[in-house]
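Given next are the chains, with one letter for each unit.
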Amino acid sequence: MTSTLAVGVMSGTSLDGVSTALVRLSEQPLDAQLVAFRQDAYSATERAQIIDVIARGGSRDLALLHVALGERFAAAILQLLAEAKVAPRDVAFVGSHGQTIWHEPGRATLQLGDPAVIAERVGVRVVSDFRARDVAAGGQGAPLVPLADVLLFGHRERGRLLLNIGGIANVTWVPRRGETSASLAFDTGPGVAVVDAVTRRIDPAAPYDVGGEHARRGQRSARVLDALLADPFFVARPPKSTGREQFGSEYAERLLASVREAGGSANDAVATAVALTVETIARGIERWTPAPPVDELVVSGGGARNPVLLAQLTARVQPRPVVGFDRLFFDGEAKEALAFAFLGFLTILGKPGNLPTATGARGPRVLGHVTPA
């Protein structure tokens, strides 16, 4: 079996920072194994800059952030390789998702993080801009990680649900590993993006609700939660995807204001945001995926580290058991970075990287652009 080393880079809607994964890939059999993983947290200043460009940035702001993120990603890659004692010349390529700045399902999607800068600094070719081809083919451009769920993380003999709770939450139903035609995936709505944004409004120094402490000290506002659950996105039929454009800082500000108008506290607003994430995930699973028995709901992403959110979700989806991705595979925080190394590998091989049942594209498509070393 011939294997290839590659690096996957991910900066998600939660804006926690840059995740890099060194991955060993093989074509026969098609597989991806995590070798090393690193997370570089964004500073409060970096996070604020990205949020500001998303909300108000002009062409100059976008251009400068594109280059700055390319430098940031390249530095993270070089640090990962140094820690793993792997020379850049031994890496076949980098698969870089980039930072999503705008995602309008079915119309346009934009990720920043200049691949030319990465190629120049690291000295390897870069696969990037994965979402655009799917959108051009009539798809949502998201979610894309579900193809990795199907090919790498599905159960070999029975059905499995794989849930990623990042800034946005998405779930993949895999009837059996490798069965692409019968699999289904979609965004359920906010993951931790709204929870984090509300937390930062009341505690600007906090990167997120550490340990779920704000949510633990609060009580959900049933009136506000019911109003939020009336959003048509939650009952829309898949394929569907969303982003910070819909469930971002402005949404969090409205949620916080609504809870306060109802007589609640700031902690109540965080608790309500957590309840919204839990309820929309549970309803999405109930509405669009096969009914139990399903053996497990496998959870990864930043939300899986929030004990309050995870406890509420576990109670809400009973009798389905909830299992941490870490218990079955590897550190769940590395999953998406590994997935984009895997998708980059498919691009290099000339194989499709989208799952049309998840995105709604007219068919399978080879994704991304390749920037030479």
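Residues numbered from 1 in each chain as written. Predicted model: local features only at pLDDT ≥ 70, side-chain atom pairs only at ≥ 80, totals over all residues. Heavy atoms only, no water.

**So, the packing of helix α1 (residues 44-56) against helix α2 (residues 59-84)**
Step number 1: At a minimum axis distance of 11 Å, the contact between α1 and α2 shows a crossing angle of 145°. Between α1 and α2 lies a crossing whose hand is left-handed. Facing Glu 46, Gln 49, Ile 50 and Val 53 of α1, the residues of α2 in contact are Asp 61, Leu 62, Leu 65, Leu 69 and Arg 72.
Step number 2: Looking at the contact of α1 with α2 residue by residue, the class counts come to five nonpolar, one polar and three charged. (Axes fitted to C-alpha atoms, helices over the stretch in contact; angles between N-to-C directions. Helix = DSSP H or I, 4+ residues; strand = E, 2+ residues; numbered from the N terminus. Left-handed = near helix turned anticlockwise from the far one by under 90°. Contact = heavy atoms within 4.5 Å. Nonpolar A, V, L, I, M, F, W, Y, C, P; charged D, E, K, R; others polar.)

**What to know about the sheet that holds strand β8 (residues 168-174)**
Step number 1: Here we have five strands laid out as an open sheet, ordered β9-β8-β7-β10-β11, and mixed in their pairing. Sheet topology places β9 (184-190) and β11 (322-324) at the edges, where each strand pairs with a single neighbour. Going across the sheet, the axis of each strand differs from the next one's by a mean of 25°, ignoring polarity.
Step number 2: Docked against the sheet, helix α5 (residues 146-153) engages β7 (160-165), β8 and β9, running at close to 40° with respect to β8. (Pairing = 2+ DSSP bridges.)

**As for the pattern of salt bridges**
Step number 1: Counted under the stated rule, the structure contains 19 salt bridges.
Step number 2: Among the ionic pairs, Arg 316 bridges to Glu 279, the shortest N-O distance being 3.0 Å. Placement of the pair is Arg 316 in helix α11 (residues 307-316) and Glu 279 in helix α10 (residues 266-288), with a sequence separation of 37 residues.
Step number 3: Taken together, the salt bridges that share partners define one network made up of Glu 279, Arg 283, Glu 286 and Arg 316. (Salt bridge = Lys/Arg side-chain N within 4 Å of Asp/Glu carboxyl O.)

**Details of the nonpolar core**
Step number 1: Judged by nonpolar contacts, the single largest core of 46 residues is most densely connected at Leu 297 and Leu 313.
Step number 2: When residues of this core are assigned to their parent elements, the largest contribution, 11 residues, is made by α10.
Step number 3: Not counting residues within four places of it along the chain, the set of residues in contact with Leu 297 comprises Leu 161, Leu 163, Ile 285, Leu 313, Val 317, Pro 321, Val 322 and Val 323.
Step number 4: Of all hydrophobic cores here, the second largest spans 35 residues; its members include Met 10, Ala 21, Leu 147 and Leu 346. (Core = buried A, V, L, I, M, F, W, Y, C linked by side-chain atoms within 4.5 Å. Buried < 20%, exposed > 50% of the residue type's maximum accessible area, 1.4 Å probe, protein only.)

**Considering the pairing of strand β1 (residues 3-11)**
Step number 1: Of all nine residues in β1, seven are buried; the element is thus mostly enclosed.
Step number 2: In this sheet, strand β2 (residues 17-26) lies alongside β1 in antiparallel orientation, the contact comprising eight bridges. For Thr 4, the partnering residue across the bridge sits in β2 and is Leu 25.
Step number 3: In textbook terms, the turn of a hairpin is the stretch between consecutive antiparallel strands, and for β1 and β2 this stretch comprises five residues, one of which, Leu 15, has a positive phi near 60°.

**Quick word on the pairing of β7**
Regular strands show a simple pattern: their side chains alternate between the two faces of the sheet.
Step number 1: Burial runs high along β7: six of the six residues are buried.
Step number 2: Judged by which residues are buried, β7 turns out to be covered on both faces: Arg 160, Leu 162 and Asn 164 on one side and Leu 161, Leu 163 and Ile 165 on the other are all buried.
Step number 3: By the bridge criterion, six bridges tie β7 to β8 in an arrangement that is antiparallel. Within β8, the residue paired with Leu 161 across the bridge is Trp 173.
Step number 4: The pairing of β7 with strand β10 (residues 297-300) spans four bridges and is classified as parallel.

**Description of the side chain of Ser 183**
Step number 1: Looking at the secondary structure, you find Ser 183 in the loop between β8 and β9.
Step number 2: There is a polar contact of 2.6 Å between the side chain of Ser 183 and the backbone oxygen of Glu 179.
Step number 3: The contacts of Ser 183, once residues within four sequence positions are left out, are Val 150, Trp 173, Val 174, Pro 175, Leu 355 and Thr 357. (Polar contact = N/O pair within 3.5 Å; in protein donor to acceptor, adjacent residues only side chain to side chain.)

**What to know about the side chain of Asp 134**
Step number 1: Its place among the elements puts Asp 134 in helix α4 (residues 131-136).
Step number 2: One buried charged residue, Asp 134, remains without a salt bridge, the closest side chain of opposite sign being Arg 131 at 7.6 Å.
Step number 3: A polar atom in the side chain of Asp 134 sits 2.9 Å from the side chain of Asn 354.
Step number 4: Setting aside its immediate chain neighbours within four residues, Asp 134 contacts Gly 139, Gln 140, Gly 141, Ala 142, Asn 354, Thr 359, Ala 361 and Leu 367. (Lys, Arg positive; Asp, Glu negative; His and termini not counted.)

**Describing the packing of aromatic side chains**
Step number 1: Under the counting rule described, the total for this entry stands at 10 aromatic pairs.
Step number 2: Considering the side-chain rings of Phe 233 and Phe 234, the 6.1 Å spacing of their centres and the 80° angle between planes classify their relative orientation as edge-to-face.
Step number 3: Phe 233 sits in the buried class, given a relative accessible area of 9%.
Step number 4: Here the aromatic rings of Phe 234 and Phe 247 are separated by 5.6 Å at their centres, their planes lie at 20°, and the arrangement is stacked. Residue Phe 234 is found in the loop between α8 (222-228) and α9 (249-261), and its partner Phe 247 is found in the loop between α8 and α9; the two are separated by 13 residues along the sequence. Of the two residues examined, Phe 234 and Phe 247, each falls in the buried class.
Step number 5: Members of the aromatic cluster, connected to one another through ring pairs, are Phe 153, Phe 325, Phe 329 and Phe 330. (Phe/Tyr/Trp six-rings, centres within 6.5 Å; stacked < 30°, edge-to-face > 60°.)

**Quick notes on α2**
Step number 1: In this model, α2 (26 residues) spans 38 Å end to end at C-alpha, consistent with the 38 Å of a helix rising 1.5 Å per residue.
Step number 2: For α2, the complete set of buried residues consists of Leu 65, Leu 69, Gly 70, Phe 73, Ala 74, Ala 76, Ile 77, Leu 80 and Leu 81.
Step number 3: Backbone geometry just after α2 places Lys 85 at a positive phi near 60°. (Expected span 1.5 Å × (residues − 1).)

**Overview of the environment of Gln 39**
Step number 1: Here Gln 39 is to be found in strand β3 (residues 31-41).
Step number 2: Sequence separation between Gln 39 and Thr 20 is 19 residues; the distance between their C-alpha atoms is 6.5 Å.
Step number 3: With sequence-adjacent residues up to four places away left out, Gln 39 is seen in contact with Val 18, Ser 19 and Glu 333.

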